[in-house]
Amino acid sequence: MPAVFFVCAAAGATVLPATALAQATPVPAFDNPLVKQRADPHVTLQPDGWYYYTATVPEYDRIEVRRARSLDALGAAEAHTVWRKHAQGEMGAHIWAPEMHKIDGKWFIYFTAGRADKIWEIRLYVLECESDDPLRGPWKERGQLKTGWESFALDATTFALDGRRYLLWTQRPKEGDKKQTDIYIAPMDTPLSISGPAVLLTEPEYDWEKVRHAVNEAPAVLVKNGRVFLTYSASATDANYALGMLTAPAGANLLDRKSWTKSAQPVFASSAANSQYGPGHNSFTTTPDGKTDILVYHARNYRDIAGDPLRNPDRHTRAQAIAWRADGTPDFGVPVPDKK
């Protein structure tokens, strides 16, 4: 991997110096959709040159991992099932949004699961693998990742910056009368635990964040140009689903909500012209040379859905290059049309 490029693969955040901006490189175009019927995609490019990929499967019953030398090759890569839901009790339903991170030489998968007998009693859980080959495992269950209170919780991610590791996740607030999901941050002392109280970073407040459901979820982090960019998804998981963004200086206290500025408008939303609807739940990676930042996300190629959007399997994984404005902020543009 070139010296100009550092991927916090273990941290879940991509970090590049500003000098990379000055290098003129061709803008890659991807063979979208990359992987069909896989939502909530997470991709990490490791120093061995492999892209490791995991995502929500439409059956909500297992966790798969695959790898490839290019993003375009992920769809044809073998999917290895590394874990299946329990037949009863906790971790028995709604297996959602796995993310795989390498931390201190070990692999961890953070995922969401409900109970077999209470499918909406959803919490955060962790798997651990000490093998160099996460496709083969073995993977050990490390139990629930406790956040400080018990309520509907999902979409955990982790990143490290300046020697400190953080957990970001989605949860219903302690106030039981609030029917919404918010995004929180806390410091981590181990890959399995937080070491401080949860700090609320963002909650649904704009109209576009509250279409059908009041939702802020699925945080993802990109660190670049001296800033921390935190994207999240909002509203129902149909064509109204869209990305929002928070921004903080990289040297600020990230555990202080006042350090963050929230964009008033979505930064990535449906495009009828390109037949792309409900883009969201993204992760970040780069081209293999580290010169181009990539947004990986899911979307449908049609607007109208029969029945519950949650039961619709056609959220496909897609990718596109991120442009950068003169002020150093990302320009995600609009979802590009499918190639196939």
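Quick note: structure is the one above.
Keep in mind that this is a model prediction, so the values were computed, not measured.

### Some details on the overall build of the protein chain
Scanning the protein chain from N- to C-terminus turns up 0 helices and 24 strands. For the protein chain, whose C-alpha radius of gyration is 18 Å, the value lies close to the compact-globule estimate of 20 Å for 340 residues. Projected onto its principal axes, the C-alpha coordinates of the protein chain cover approximately 55 × 45 × 45 Å. Long-range contacts, defined here as pairs at least 24 residues apart, represent 52% of the contacts in the protein chain between residues at least 6 apart. Counting every atom, the protein chain has about 13500 Å² of accessible surface; 50% of that belongs to carbon and sulfur. In the protein chain, 39 positive and 40 negative side-chain charges are present, and the distance between their average locations comes to 1 Å.

### Quick look at unusual backbone geometry
For the bond running from N32 to P33, omega is -5°, close enough to zero to count as cis. The topology assignment puts P33 in the loop between β2 (13–16) and β3 (39–45). Residue Y60 is not a glycine yet carries a positive backbone phi of 55°. Within the secondary structure, Y60 is located in the loop between β4 (51–56) and β5 (62–68). For H281, which is not glycine, the phi torsion reads 40° and is therefore positive. The exposure class assigned to H281 is buried, which follows from its relative accessible area of 6%.

### Some words on the sheet that holds β3
As summarised here, the arrangement of the 4 strands in space is β3-β4-β5-β6, forming an open sheet in which the pairing is antiparallel. Since the sheet does not close on itself, it has two edges, and those belong to β3 and β6 (80–84), each with one partner. Going across the sheet, the axis of each strand differs from the next one's by a mean of 20°, ignoring polarity.

### Overview of the pairing of strand β9 (residues 123–129)
Where burial is concerned, most of β9 is hidden: 7 out of the 7 residues are buried. Along β9, one buried face is formed by R123, Y125, L127 and C129 and the opposite face, lined by L124, V126 and E128, is buried too. Note: strand β8 (residues 106–114) against β9, 7 bridges, orientation antiparallel. What sits directly across from T112, in β9, is L124. Strand direction decides the pairing type here: β9 and strand β10 (residues 140–144), joined by 3 bridges, are antiparallel. When the sheet's bridge partners are listed, Y125 is paired in β10 with Q144.

### Quick word on the nonpolar core
Formed by 21 residues in total, the largest nonpolar core has its most connected members in I185 and L254. Mapped by element, the contributors of at least two residues to this core are β11 (153–161), β12 (164–171), β13 (182–190), β15 (199–202), β16 (216–224), β17 (227–234) and β18 (242–249). Sorting elements by how many residues they give to this core places β17 first, with 4 residues. Non-local contacts of I185, meaning those with residues more than four positions away in its chain, are made with F159, Y166, L167, L168, W169, P197, A198, V199, L201, L254 and L255. Listed in part, the 17 residues of the second largest apolar core include W83, W107, I109 and L135.

### A few points about the sheet that holds strand β22 (residues 316–321)
Spatial strand order, β20-β21-β22: 3 strands in an open sheet with antiparallel pairing. Each of the sheet's edge strands pairs with one partner strand only, and the pair in question is β20 (277–286) and β22. Between one strand axis and the next, the sheet turns through 30° on average, direction left out of account. Bridge count between β20 and strand β21 (residues 293–300): 6 bridges; the pairing is antiparallel. Among the inter-strand pairings, Y277 is bridged to a residue of β21, identified as R300.

### Topic: the environment of A273
Structurally, the position occupied by A273 is in the loop between β19 (261–262) and β20. Overall, A273 belongs to the exposed group, its relative accessible area being 76%. Spatially, the C-alpha atom of A273 lies 32 Å from that of R66, the residues being 207 residues apart in sequence.

### Concerning the packing of aromatic side chains
Here a ring pair, both rings aromatic, is described through the centre-centre distance and the interplanar angle of the planes. Considering all chains together, one arrives at 12 aromatic pairs under this definition. Arranged with centres 5.1 Å apart and planes meeting at 25°, the rings of F159 and Y166 form a pair that is stacked. The class of F159 is buried, set by a relative accessible area of 0%. Y166 sits in the buried class, given a relative accessible area of 5%. An angle of 25° between the planes, with centres 6.4 Å apart, marks the rings of W208 and Y232 as stacked. Here the residue W208 occupies a position in the loop between β15 and β16, and Y232 occupies one in strand β17, the gap between them amounting to 24 residues. On the basis of relative accessible area, W208 is assigned to the buried category, the value being 15%. Taking relative accessible area as the criterion, Y232 reaches 0% and is therefore assigned buried.

The rules we used
Residues numbered from 1 in each chain as written. Predicted model: local features only at pLDDT ≥ 70, side-chain atom pairs only at ≥ 80, totals over all residues. Heavy atoms only, no water. Helix = DSSP H or I, 4+ residues; strand = E, 2+ residues; numbered from the N terminus. Rg over C-alpha atoms; globule rule 2.2 N^0.38 Å. Contact = heavy atoms within 4.5 Å. Areas by Shrake-Rupley, 256 points an atom, 1.4 Å probe, with all protein chains shown as cover. Lys, Arg positive; Asp, Glu negative; His and termini not counted. Charge placed at Lys NZ, Arg CZ, Asp CG, Glu CD. Buried < 20%, exposed > 50% of the residue type's maximum accessible area, 1.4 Å probe, protein only. Pairing = 2+ DSSP bridges. Axes fitted to C-alpha atoms, helices over the stretch in contact; angles between N-to-C directions. Core = buried A, V, L, I, M, F, W, Y, C linked by side-chain atoms within 4.5 Å. Phe/Tyr/Trp six-rings, centres within 6.5 Å; stacked < 30°, edge-to-face > 60°.

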